[in-house]
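# Structural features, examined
Each chain is listed here by its residues.
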Amino acid sequence: MIHDTFAALGDATRFAIVEKLLRHGELPAGSLQDAGAVSPPAISRHLKVLREAGIIEQRIDKQRRIYSVRPQAMRSIGEWTLTYRDFWQTSLDRLEAALLQKGDDP
């Protein structure tokens, strides 16, 4: 699932849509068209990819489609990032120690 999340966010337009939803909260589809220089049908396709990846959700209010970011998706990204934080911190600490040791060698 996290692979699908990152694959969906790998597109600049979809990333911009999610950022806008995170900043402004729930928005109708028409308010998301300025997230990328693409046509309304293309925005619809991007929204579909984000929905299928579980990043956003849609609700219908009469004739409007309202979109919001799923908190569970953001939580999954955060948890994945924290899982690898220790790995990267340990790797960077080892690199720093090696560089410092190299600097002490004649």
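So, here is what we can say about the structure in this document. (Residues numbered from 1 in each chain as written. Predicted model: local features only at pLDDT ≥ 70, side-chain atom pairs only at ≥ 80, totals over all residues. Heavy atoms only, no water.)

A few words on unusual backbone geometry. Despite not being glycine, Lys62 shows a phi value in the positive range, around 60°. Assignment of secondary structure puts Lys62 in the loop between β2 (56–61) and β3 (64–69). Residue class for Lys62 comes out exposed when judged on its relative accessible area of 78%. (Helix = DSSP H or I, 4+ residues; strand = E, 2+ residues; numbered from the N terminus. Buried < 20%, exposed > 50% of the residue type's maximum accessible area, 1.4 Å probe, protein only.)

Attention now moves to the sheet that holds β2. If you walk across this open sheet you meet the three strands as β1-β3-β2, and the pairing is antiparallel. Looking at the sheet topology across the chains shown, the edges are occupied by β1 (27–28) and β2. With six bridges joining them, β2 and β3 adopt antiparallel strand pairing. Bridge pairing in β3 places Glu57 opposite Ser68. Contacting β2 and β3, helix α3 (residues 40–52) runs over the sheet at an angle of about 115° to β2. (Pairing = 2+ DSSP bridges. Contact = heavy atoms within 4.5 Å. Axes fitted to C-alpha atoms, helices over the stretch in contact; angles between N-to-C directions.)

This next bit is on the packing of aromatic side chains. Aromatic rings considered in pairs are described by the distance between their centres and by the relative angle of their planes. Considering all chains together, one arrives at three aromatic pairs under this definition. Their ring planes at 45° and their centres at 4.9 Å tell us that Trp80 and Tyr84 sit as a pair that is tilted. You can see Trp80 and its partner Tyr84 sitting in helix α4 (residues 71–104), four residues apart, about one turn around the helix. Take Trp80: its relative accessible area is 37%, and that puts it in the partly exposed class. What makes Tyr84 partly exposed here is its relative accessible area of 39%. By the ring-pair criterion, three or more aromatic residues cluster together here, those being Phe6, Trp80 and Tyr84. (Phe/Tyr/Trp six-rings, centres within 6.5 Å; stacked < 30°, edge-to-face > 60°.)

Before going further, it helps to examine the side chain of Thr13. Along the polypeptide, Thr13 turns up in helix α2 (residues 12–24). With relative accessibility at 14%, the residue Thr13 sits in the buried group. In contact with Thr13, other than residues within four places in its own chain, are Ala35, Gly36, Val38, Ile43 and His46.

The next subject is α2. Between the first and last C-alpha of α2 there are 18 Å, a value that for 13 residues agrees with the 18 Å anticipated at 1.5 Å per step. Turning to α2, its buried residues number three or more, namely Thr13, Arg14, Ile17, Val18, Lys20 and Leu21. What you see down the axis of α2 is that its buried residues fit within an arc of 160°, all on one side. Facing away from the buried side of α2 by over 90 degrees, the exposed positions are Ala12 and Arg23. Between a side-chain oxygen at the N-terminus of α2 and the backbone nitrogen of Thr13 the separation is 2.9 Å; the capping residue is Asp11. Gly25 sits one or two positions beyond α2 and adopts a positive phi of about 80°. (Expected span 1.5 Å × (residues − 1). Arc of directions from axis to C-beta. Polar contact = N/O pair within 3.5 Å; in protein donor to acceptor, adjacent residues only side chain to side chain.)

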